[in-house]
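Below are the chains, spelled out letter by letter.
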Amino acid sequence: WSKDWRGVFGGGGLCMSDAGSLIVSSDLEGFFREQVTDARNELGIQMEEVVEFYLVNLLCDYSNPTEQQGLGGEPLALTYKRALEAGAVERISILKELGDGALYTAGFFVESIESSVVDVDYYITMGGHAYSSLGNLVSGYARGNTFSEIYRELAQAFPALVNILNVVSEGSRESKSE
């Protein structure tokens, strides 16, 4: 697992749950690994280890308050259009941002999505398509085949990953109310 949070949080990690509660962990990566593993087991979902690794790192990245992740309010279709119009290197960055943002949003903020003009299936479709396009795009680069397989697996598993994040999100809300 590649993230070292000691420099950021002095050996621990902070995370805001969607319910607004603060989660403090001495090992943020371990916390999310446990949450993802428990949710995956609860749902009976099998996944490649590298996909679980990616999901845990995504959660760690999005829990870092100094990072600026997210979709920035731009409709997903416009973000995708912007990616298609960009050069190859920028396209990779935009597609990853789109896939990651759609996955995190659909997984953690499903209630907000349900009250919006679009539904969670729109996020699943756009995010899955972004990862699929990303997988096709990176296959032409050095070590691209490895990353291509990861992004294609993320695209294929996108609905299941959203369900896992829903369970993780629900678990954080339940912990707060207990």
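Computed from a predicted model, the values in this text were never measured in an experiment.

## Some details on the pattern of salt bridges
Summed over all chains, the structure comprises 5 salt bridges. Close ionic contact of Arg 40 with Glu 52 constitutes a salt bridge, the shortest N to O distance being 3.0 Å. Of this pair, Arg 40 sits in helix α2 (residues 28–43) while Glu 52 sits in helix α3 (residues 49–63), placing them 12 residues apart in sequence.

## Quick notes on the nonpolar core
Grouped together as the largest cluster of nonpolar side chains are 46 residues, with contacts concentrated most on Leu 55, Leu 103, Tyr 131, Leu 154, Leu 161 and Ile 164. When residues of this core are traced back to their parent elements, those giving at least two are α2, α3, α4 (76–85), α5 (88–108), α7 (120–138) and α8 (144–177). Top element by residues in this core is α8. It accounts for 12 residues. Contacts of Tyr 131, omitting those with residues within four sequence positions, involve Tyr 54, Gly 99, Asp 100, Leu 103, Tyr 151, Arg 152, Leu 154, Ala 155 and Phe 158.

## A few points about the confidence of the model for the protein
Overall, the predicted model of the protein reaches an average pLDDT of 81, with 77% of residues at or above 70. Here residues 1–23 is modelled with pLDDT under 50, and outside its nearest four sequence neighbours on either side it reaches 59 contacts, counting other chains as well.

## Remarks on the packing of aromatic side chains
Counted under the stated rule, the structure contains 9 aromatic pairs. Look at Tyr 122 and Tyr 123: their rings are 5.9 Å apart centre to centre, the planes differ by 90 degrees, and that puts the pair in the edge-to-face class. Judged by its relative accessible area of 24%, Tyr 122 falls in the partly exposed class. Its relative accessible area of 15% is what places Tyr 123 among the buried residues. Taken together, a centroid distance of 6.0 Å and an interplanar angle of 20 degrees make the contact between Tyr 131 and Tyr 151 stacked. Of the two residues, Tyr 131 sits in helix α7 while Tyr 151 sits in helix α8, which places them 20 residues apart along the sequence. The two residues Tyr 131 and Tyr 151 agree in class, both being buried. By the ring-pair criterion, three or more aromatic residues cluster together here, those being Tyr 54, Tyr 131, Tyr 151 and Phe 158.

Quick notes on the rules
- Residues numbered from 1 in each chain as written.
- Predicted model: local features only at pLDDT ≥ 70, side-chain atom pairs only at ≥ 80, totals over all residues.
- Heavy atoms only, no water.
- Salt bridge = Lys/Arg side-chain N within 4 Å of Asp/Glu carboxyl O.
- Helix = DSSP H or I, 4+ residues; strand = E, 2+ residues; numbered from the N terminus.
- Core = buried A, V, L, I, M, F, W, Y, C linked by side-chain atoms within 4.5 Å.
- Buried < 20%, exposed > 50% of the residue type's maximum accessible area, 1.4 Å probe, protein only.
- Contact = heavy atoms within 4.5 Å.
- pLDDT = per-residue confidence, 0-100.
- Phe/Tyr/Trp six-rings, centres within 6.5 Å; stacked < 30°, edge-to-face > 60°.

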